[in-house]
Amino acid sequence: MAVYDRKRKLSCAVDTGRRYDSASVVKVTILAALLRKAQEQGRRLTARERGLAEKMITRSDNAAASTLWNAVGRTRLNRFLKLAGMRRTRLGANGHWGLTQITAFDELRLLRLLTSRNSVLTTASRRYVLDLMGRVIPEQRWGAPAGRPSWMRWRVKNGWLPRLGRYWRVHSIGAFDGRGQDYLIVVLTQDSPTMEYGIQTIERVARAVHRTLNPGSGSAAGSSQCRRRRPTGPFRRMSEPSPWPGRPCQGRLRRVPQACPARARQAGVVQPSS
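Residues numbered from 1 in each chain as written. Predicted model: local features only at pLDDT ≥ 70, side-chain atom pairs only at ≥ 80, totals over all residues. Heavy atoms only, no water.

Asker: Just checking my understanding: could you explain the environment of Asn70 for this structure?
Answerer: Among the structural elements, Asn70 can be located in helix α3 (residues 62-84). In the structure, Asn70 is positioned 25 residues away from Gly95 in sequence and 7.6 Å away in space, judged by C-alpha atoms. (Helix = DSSP H or I, 4+ residues; strand = E, 2+ residues; numbered from the N terminus.)

This is the structure:
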């Protein structure tokens, strides 16, 4: 997992170089690469491309993702990864975009690219991606937004993937701002026994981050129904060079317990197809 607070110049992370099957989180990269391609061609997205992009991000439509993955092509996708500095990401083979290997390090780089001016994506392109991430359908708004203050603006993209004999990969990336706050959250998980358990784990991390960065603020996502457990997954100071400016967290975030498997997820459950 990784967190970057732009206001405080604070970055915290755990195992940022570890690779995970991307599931649908890679759809943000596909769209960003498509927009970069259009920029280089000196054009806007076509009506068809915009329709596919909206389905891919707001509904996590897999067919739309496959179409745009093929339209952009591996060469341009790899070119975008290089321009974005996402050097640890490896594209999935044989059209299997959901098996792209991602890291928290690179996903946070992507979020930073989308939320600040840069030479890779225009302001219009960045706003387009963020707008779609802010219009994700209600049943897919779990994960990183959990526990945010009610006044905070959110953008999110989640991914979930069952692997035969390897349990679930469940991920969430999000950008949050408002009232002077501006921070990013990436939580990647694997080998969860169920999708539900993976979501609960992510949301416990997200709540701890939102609570720490917004002391005294109300929560928009409700508090956990679980009893408090002994923390088992502490944040630690980053052991590799930070990809973000500012100081490491130095233990400022609280330690986060594992998710309580007995708690039913408050957000709607979606089919394991993304």
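Asker: Just to check I follow, could you spell out the side chain of Glu203 for this structure?
Answerer: Within the element layout of this structure, Glu203 appears in helix α6 (residues 195-213). For Glu203, a relative accessible area of 5% corresponds to the buried category. Separated by 3.1 Å, the side chain of Glu203 and the backbone nitrogen of Gly143 make a polar contact. (Buried < 20%, exposed > 50% of the residue type's maximum accessible area, 1.4 Å probe, protein only. Polar contact = N/O pair within 3.5 Å; in protein donor to acceptor, adjacent residues only side chain to side chain.)

Asker: Just checking my understanding: could you explain the packing of aromatic side chains for this structure?
Answerer: We describe a pair of aromatic rings using the distance from one ring centre to the other and the angle between the two ring planes. Scanning the model with the defined rule gives two aromatic pairs in all. For Arg112, the ring lying beneath its charged end belongs to Tyr4, and the centroid distance is 4.6 Å. (Phe/Tyr/Trp six-rings, centres within 6.5 Å; stacked < 30°, edge-to-face > 60°. Lys NZ or Arg CZ within 6 Å of the ring centre and 35° of its normal.)

Asker: When you look at the pairing of strand β1 (residues 2-5) in this model, what are you seeing that I'm missing?
Answerer: Regular strands show a simple pattern: their side chains alternate between the two faces of the sheet. Here β1 shows a buried face lined by Ala2 and Tyr4 and a second buried face lined by Val3 and Asp5. When β1 meets strand β2 (residues 10-13), the two strands line up antiparallel, connected through four bridges. Of the residues in β2, the one forming a bridge with Val3 is Cys12. As consecutive antiparallel partners, β1 and β2 are separated by four residues, and within that stretch Lys9 has a phi angle of approximately 55 degrees, a positive value. Here β1 pairs with strand β7 (residues 181-192) via four bridges, running antiparallel. Its bridge partner being in β7, Tyr4 is matched across the sheet by Leu184. (Pairing = 2+ DSSP bridges.)

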